[in-house]
Amino acid sequence: MPYSIAIDGPAGAGKSTIAKAVARELGYVYIDTGAMYRAVGLFCIHNQIPLHDEKSVVSHINEIDISISYDDDGVQQVFLNGENVSSMIRTLEVGEAASSVSQYQPVRDKLVDLQRKLASKTSVVMDGRDIASKVLPNADTKIYLTASVEERARRRANELKEKGESCDLKAVEKEIADRDYRDMHRENSPLTKVPEAILVDSSDLSIDETIDKILELAMNR
């Protein structure tokens, strides 16, 4: 039987980095659900579709085809209508767009169906905002990974600096706090910690320490 690990948590908590490493250690497939929503956001940006107009976004949903593959190094590649957009979806602008379009139920329905099909075929580590609550409610191990707003902003600022992009730390903090609020208060599938999820706060943990903690939790379930 396929084994599933659900990792939920707010933006900037390191879910993708941690989930990738856990999947690699266990030999499971890593599914970055956030990347799928980012691809939808990117589609809307490229096609000048108003992000806050649900009818406009939903009216184009059938024009969007998203697929995932893995290269020879096991790195996930995201394709939007046949184009590899793995690098294009990692900007702040696309992240904001993803947060907007992910509120719309028809968008969620389309992507959740794909995510569930993937998890039914193979053992997976899946991260997002509502994996344990909505996408994989029967996941074998459920983790809620978080960190303080200040720590998440510091990490994000460092990432941007490494890419040569300038940023204001306070502005990044505000963007993260605002996104937390939107994600937790949206009508459809809000960010939440299900009662059975194990809380992991990585504010004072290194990446390796966080990975080891989650591996230990998964293997002892």
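This structure is a prediction, so every number in the text was calculated from the model and none was measured.

**Overview of the sheet that holds strand β7 (residues 141-146)**
Okay, step 1: The strand order β2-β6-β1-β7-β8 describes an open sheet built from 5 strands, whose pairing is parallel. Single-partner strands in this sheet number two, and they are β2 (29-32) and β8 (198-201). Each neighbouring strand pair of the sheet contributes to a mean axis angle of 20 degrees, computed without reference to strand direction.
Okay, step 2: With 4 bridges connecting them, β2 and strand β6 (residues 124-128) associate as parallel partners. Counted as the bridge partner of Ile31 is Met126 from β6.
Okay, step 3: Docked against the sheet, helix α1 (residues 15-26) engages β1 (4-8), β2, β6 and β7, running at close to 175 degrees with respect to β6.
Okay, step 4: The strands that helix α2 (residues 33-46) touches are β2 and β6; relative to β2, the one it contacts most, it runs at about 40 degrees.

**Quick notes on a negative patch on the surface**
Okay, step 1: Together, Glu25, Asp208, Glu209, Asp212 and Glu216 make up a negatively charged patch on the protein surface.
Okay, step 2: No other element matches the 4 residues that helix α9 (residues 207-219) contributes to the negative patch.
Okay, step 3: Inspection of the secondary structure assignment puts Asp208 in helix α9.
Okay, step 4: The exposure class assigned to Asp208 is exposed, which follows from its relative accessible area of 54%.

**Some points on the pattern of salt bridges**
Okay, step 1: For the structure shown, the criterion picks out 14 salt bridges.
Okay, step 2: Asp32 serves as the salt-bridge partner of Arg90, at 2.5 Å between the closest nitrogen and oxygen. Here Arg90 is found in the loop between β5 (83-84) and α4 (92-101), whereas its partner Asp32 is found in strand β2, with 58 residues between them in sequence.
Okay, step 3: Given the relative accessible area of 29%, Arg90 is considered partly exposed.

**Considerations on the sheet that holds strand β3 (residues 66-70)**
Okay, step 1: Spatial strand order, β3-β4-β5: 3 strands in an open sheet with antiparallel pairing. Of all the strands in the sheet, just β3 and β5 have a single pairing partner and so form its edges.
Okay, step 2: Note: β3 against strand β4 (residues 76-80), 5 bridges, orientation antiparallel. Bridge pairing in β4 links Ile66 to Leu80.
Okay, step 3: Packed on one face of the sheet, α2 meets β3 and β4 and runs near 30 degrees to β4.

**As for the packing of α2 against helix α5 (residues 105-121)**
Okay, step 1: Orientation of α2 relative to α5, taken along the N-to-C sense of each, is 145 degrees, at an axis distance of 11 Å. In the crossing of α2 with α5, the sense of the turn from one axis to the other is right-handed. Contact with α2, carried on its side by Thr33, Met36, Tyr37 and Val40, involves Val107, Arg108, Leu111, Val112, Leu114, Gln115 and Leu118 of α5 and no other residues of that element.
Okay, step 2: Residues of the contact of α2 with α5, tallied by class, amount to 8 nonpolar, 2 polar and 1 charged.

**A short note on unusual backbone geometry**
Okay, step 1: Phi angles above zero are rare outside glycine, and Gln48 is one such case at about 55 degrees.
Okay, step 2: By secondary structure assignment, the location of Gln48 is in the loop between α2 and α3 (54-59).
Okay, step 3: Here Gln48 falls in the exposed class, since its relative accessible area comes to 72%.
Okay, step 4: A positive phi angle is found at Asn81, which is not glycine, with a value near 50 degrees.
Okay, step 5: Residue position: Asn81 is located in the loop between β4 and β5.

**Digging into helix α7 (residues 149-162)**
Okay, step 1: Compared with the 20 Å implied by 1.5 Å per residue over 14 residues, the 20 Å span of α7 between its first and last C-alpha is a close match.
Okay, step 2: Of all the positions in α7, only Glu151, Arg152, Ala153, Arg155, Arg156, Ala157 and Leu160 are classed as buried.
Okay, step 3: Its buried side turned inward, α7 meets α4 and α8 (169-185).
Okay, step 4: The positive-phi residue at the C-terminal boundary of α7 is Gly164, with phi of around 85 degrees.

Reading guide: rules and limits
Residues numbered from 1 in each chain as written. Predicted model: local features only at pLDDT ≥ 70, side-chain atom pairs only at ≥ 80, totals over all residues. Heavy atoms only, no water. Pairing = 2+ DSSP bridges. Helix = DSSP H or I, 4+ residues; strand = E, 2+ residues; numbered from the N terminus. Axes fitted to C-alpha atoms, helices over the stretch in contact; angles between N-to-C directions. Contact = heavy atoms within 4.5 Å. Patch = residues over 30% accessible without salt bridge, like charges linked within 9 Å, V, L, I, M, F, W, Y side chains within 5 Å. Areas by Shrake-Rupley, 256 points an atom, 1.4 Å probe, with all protein chains shown as cover. Salt bridge = Lys/Arg side-chain N within 4 Å of Asp/Glu carboxyl O. Lys, Arg positive; Asp, Glu negative; His and termini not counted. Charge placed at Lys NZ, Arg CZ, Asp CG, Glu CD. Buried < 20%, exposed > 50% of the residue type's maximum accessible area, 1.4 Å probe, protein only. Left-handed = near helix turned anticlockwise from the far one by under 90°. Nonpolar A, V, L, I, M, F, W, Y, C, P; charged D, E, K, R; others polar. Expected span 1.5 Å × (residues − 1).

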